[in-house]
Amino acid sequence: DLAEEIVLLDGLAKKLRDKRIKSGALEIEGEETKFRLNEDGHPVEVYQKTSKDANKLIEEFMLLANKRVAASIGEPGKQKRIIPFVYRIHDKPSEDRLDDLRIYLDRFGYRLEREKNKPISHSINKLLGEAKKNGDHALISPMAIKSMAKAVYSTDNIGHYGLSFTYYTHFTSPIRRYADLLVHRLL
């Protein structure tokens, strides 16, 4: 009954994702290693779980909700009182960590070259795309992720570098209930 609406939402999610990537968001697609267990709970198979369009649809709308809630509270406005708020922030990577990544990449014949007038995230996305095409994604992606700063909670908003959002919080995160509850109460 909802096929038409889901197809429409999927198209919107893809547009949101493309816009996010073009604005400098990191395009890190991780594969999750999973184990299939037998009736006794013993592993019988190891497989890679990849993110499908349905997962990406949910992810994009969760990101949108988180972004809009943070902007609604944090963006300055006419006659608007800014209140203390819990942001999820992510700083840009340090040059030291990027240098370490470059040394690692050299061993595999890859180069991380900065694009003029663009954040380093564009170069990292280009690198990850090349590694995926060459079948080296599993070697390169974890090290690219390690080169990033850790995302943290803070009342001082600096934006979220990895998502390329000026305002971001956890409003819809089912595994971070305490942060969600704080944000819900403040909202």
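For the structure, see preceding data.
In this report, we go over the structure that sits alongside the text. (Residues numbered from 1 in each chain as written. Predicted model: local features only at pLDDT ≥ 70, side-chain atom pairs only at ≥ 80, totals over all residues. Heavy atoms only, no water.)

**Concerning helix 3 (residues 95-106)**
Phase 1: Its twelve residues place the ends of helix 3 16 Å apart at the C-alpha level, agreeing with the 16 Å of an ideal helix rising 1.5 Å per residue.
Phase 2: All of the buried residues along helix 3 are Leu98, Leu101, Tyr104 and Leu105. The buried residues of helix 3 all sit within an arc of 115° when viewed along its axis, so they share a single face. Helix 3 presents Asp96, Asp100, Ile103 and Asp106 as exposed residues on the side facing more than 90 degrees away from its buried surface.
Phase 3: In this structure, the buried residues of helix 3 make contact with helix 4 (120-133) and helix 5 (137-146). (Helix = DSSP H or I, 4+ residues; strand = E, 2+ residues; numbered from the N terminus. Expected span 1.5 Å × (residues − 1). Buried < 20%, exposed > 50% of the residue type's maximum accessible area, 1.4 Å probe, protein only. Arc of directions from axis to C-beta. Contact = heavy atoms within 4.5 Å.)

**Quick look at helix 2 (residues 53-74)**
Phase 1: Between its first and last C-alpha, helix 2 extends 31 Å over 22 residues, near the 32 Å set by a 1.5 Å rise per residue.
Phase 2: Among the structural elements, helix 1 (3-22), strand 3 (87-89) and helix 6 (177-186) are those in contact with the buried residues of helix 2.

**Remarks on the nonpolar core**
Note that soluble globular proteins tend to have their nonpolar side chains buried in a common cluster.
Phase 1: Ranked by size, the top nonpolar core spans 16 residues in total, and within it Leu105, Tyr110, Leu112, Ile120, Ile124, Leu127 and Ile140 carry the most contacts.
Phase 2: Counting only elements with at least two residues in this core, the list comes to helix 3, helix 4 and helix 5.
Phase 3: Filtering out sequence-adjacent residues up to four positions away, Leu105 remains in contact with Tyr110, Leu112, Leu127 and Ile140.
Phase 4: With ten residues, the next largest nonpolar core counts Val69, Ala71, Phe85 and Val86 among its residues. (Core = buried A, V, L, I, M, F, W, Y, C linked by side-chain atoms within 4.5 Å.)

**Some thoughts on the pattern of salt bridges**
Phase 1: The full count for this structure, using the stated rule, is eleven salt bridges.
Phase 2: Here Asp99 ties to Arg102 by a salt bridge, and the two come within 3.2 Å at their closest N and O atoms. On the criterion of helical spacing, the pair formed by Asp99 and Arg102 is a turn pair, its members being three residues apart in helix 3.
Phase 3: Overlapping salt bridges, with partners in common, bring together Arg17, Arg20, Glu59 and Glu60 in one network. (Salt bridge = Lys/Arg side-chain N within 4 Å of Asp/Glu carboxyl O.)

**Considerations on the packing of helix 4 against helix 5**
Phase 1: With their axes 8 Å apart at the nearest point, helix 4 and helix 5 run at an angle of 160° to one another. Classed by the angle they form, the pair helix 4 and helix 5 counts as roughly antiparallel. Crossing geometry of helix 4 relative to helix 5 is assigned as left-handed. Listed contacts from helix 5 to Ile124, Leu127, Leu128, Ala131 and Lys132 of helix 4 are His137, Ile140, Ser141 and Ala144.
Phase 2: A breakdown of the residues in the contact of helix 4 with helix 5 according to their chemical character gives six nonpolar, two polar and one charged. (Axes fitted to C-alpha atoms, helices over the stretch in contact; angles between N-to-C directions. Parallel < 35°, antiparallel > 145°, perpendicular 65-115°, else oblique. Left-handed = near helix turned anticlockwise from the far one by under 90°. Nonpolar A, V, L, I, M, F, W, Y, C, P; charged D, E, K, R; others polar.)

**Section: the pairing of strand 2 (residues 43-49)**
Phase 1: Two elements, strand 1 (residues 32-37) and strand 2, share six bridges in a ladder whose sense is antiparallel. Bridge pairing links Leu37 to Pro43 in strand 2.
Phase 2: Hairpin connection, strand 1 to strand 2: the antiparallel pair is bridged by five residues, and Gly41 has positive phi, about 85°. (Pairing = 2+ DSSP bridges.)

**So, the environment of Ser51**
Phase 1: By the secondary structure assignment, Ser51 is in the loop between strand 2 and helix 2.
Phase 2: Sequence separation between Ser51 and Leu128 is 77 residues, and the spatial gap between their C-alpha atoms is 16 Å.

**A few points about the packing of helix 1 against helix 2**
Phase 1: Two numbers describe how helix 1 lies on helix 2: the axes approach to 9 Å, and their chain directions differ by 65°. With respect to helix 2, the axis of helix 1 lies roughly perpendicular. For the element pair helix 1 and helix 2, the recorded crossing hand is left-handed. Here Ile6, Leu9, Asp10, Leu12, Ala13, Lys14, Leu16, Arg17 and Arg20 of helix 1 come into contact with helix 2, specifically with Asp53, Lys56, Leu57, Glu59, Glu60, Phe61, Leu63 and Leu64.
Phase 2: When the residues that make up the contact of helix 1 with helix 2 are grouped by side-chain class, the tally is nine nonpolar, no polar and eight charged.

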